[in-house]
Amino acid sequence: TYPFQIPLRAMIPQKIDNLIVTGKSLAMSHIAASAYRVHSIEWSAGAAAGTTAAFSLETGIAPFQLVEN
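Remember, it's a predicted structure, so these values are computed and weren't measured experimentally.

Definitions and cut-offs
Residues numbered from 1 in each chain as written. Predicted model: local features only at pLDDT ≥ 70, side-chain atom pairs only at ≥ 80, totals over all residues. Heavy atoms only, no water. Helix = DSSP H or I, 4+ residues; strand = E, 2+ residues; numbered from the N terminus. Buried < 20%, exposed > 50% of the residue type's maximum accessible area, 1.4 Å probe, protein only. Contact = heavy atoms within 4.5 Å. pLDDT = per-residue confidence, 0-100. Core = buried A, V, L, I, M, F, W, Y, C linked by side-chain atoms within 4.5 Å. Polar contact = N/O pair within 3.5 Å; in protein donor to acceptor, adjacent residues only side chain to side chain. Expected span 1.5 Å × (residues − 1). Arc of directions from axis to C-beta.

A. Molecular detail of the environment of Gly-23. For Gly-23, the location among the structural elements is in the segment before helix 1 (30–36). Given a relative accessible area of 16%, Gly-23 falls into the buried group. C-alpha of Gly-23 to C-alpha of Pro-7: the two residues are 16 residues apart in sequence and 14 Å apart in space. Leave out the neighbours within four places in its chain, and Gly-23 touches Met-28, Tyr-36 and Glu-42.

B. How the structure looks around the confidence of the model for the chain. When the pLDDT values of the chain are averaged, the result is 82; 94% of them are 70 or greater. Helix 3 (residues 63–66) holds the highest mean pLDDT among the elements of the chain, 89, whereas helix 1 holds the lowest, 75.

C. Focus on the nonpolar core. Within the largest apolar cluster, 5 residues are counted, these being Ala-10, Met-11, Leu-26, Tyr-36 and Ala-45. Here Leu-26 is in contact with Ile-6, Ala-10, Met-11, Val-21, Tyr-36 and Ala-45, once residues within four sequence places are set aside.

D. Geometry of the side chain of Thr-52. Residue position: Thr-52 is located in helix 2 (residues 39–59). Since its relative accessible area comes to 10%, Thr-52 is described here as buried. Within the structure, Thr-52 has its side chain in polar contact with the backbone oxygen of Ala-48 (distance 2.8 Å). Setting aside residues up to four positions removed in sequence, Thr-52 forms contacts with Leu-8, Ile-20 and Leu-66.

E. Spatial organisation of helix 2. Taking 1.5 Å as the rise per residue, helix 2 with 21 residues should run 30 Å; its terminal C-alpha atoms sit 30 Å apart, in good agreement. The set of residues buried in helix 2 consists of Glu-42, Ala-45, Ala-49, Thr-52 and Ser-56. Down the axis of helix 2, the buried side of the element spans an arc of 75°, and every buried residue falls inside it. Projecting away from the buried face of helix 2 at angles above 90 degrees are the exposed residues Trp-43, Thr-51, Leu-57 and Glu-58.

Okay, structure coming up:
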């Protein structure tokens, strides 16, 4: 089981299209940031960003459109 999940919305900037943010630049609270510093979580976020980018390219759906609905 997962102790928490990082929502895709945290990786998508509000005013920039076609960008997926990961690493220390994710939008998160101070408390979440302390949990996120664990390398395995950080690496998982990078894998999620890569998967999102590949899905966006294959389907022609921009990353920001994935979190609108």
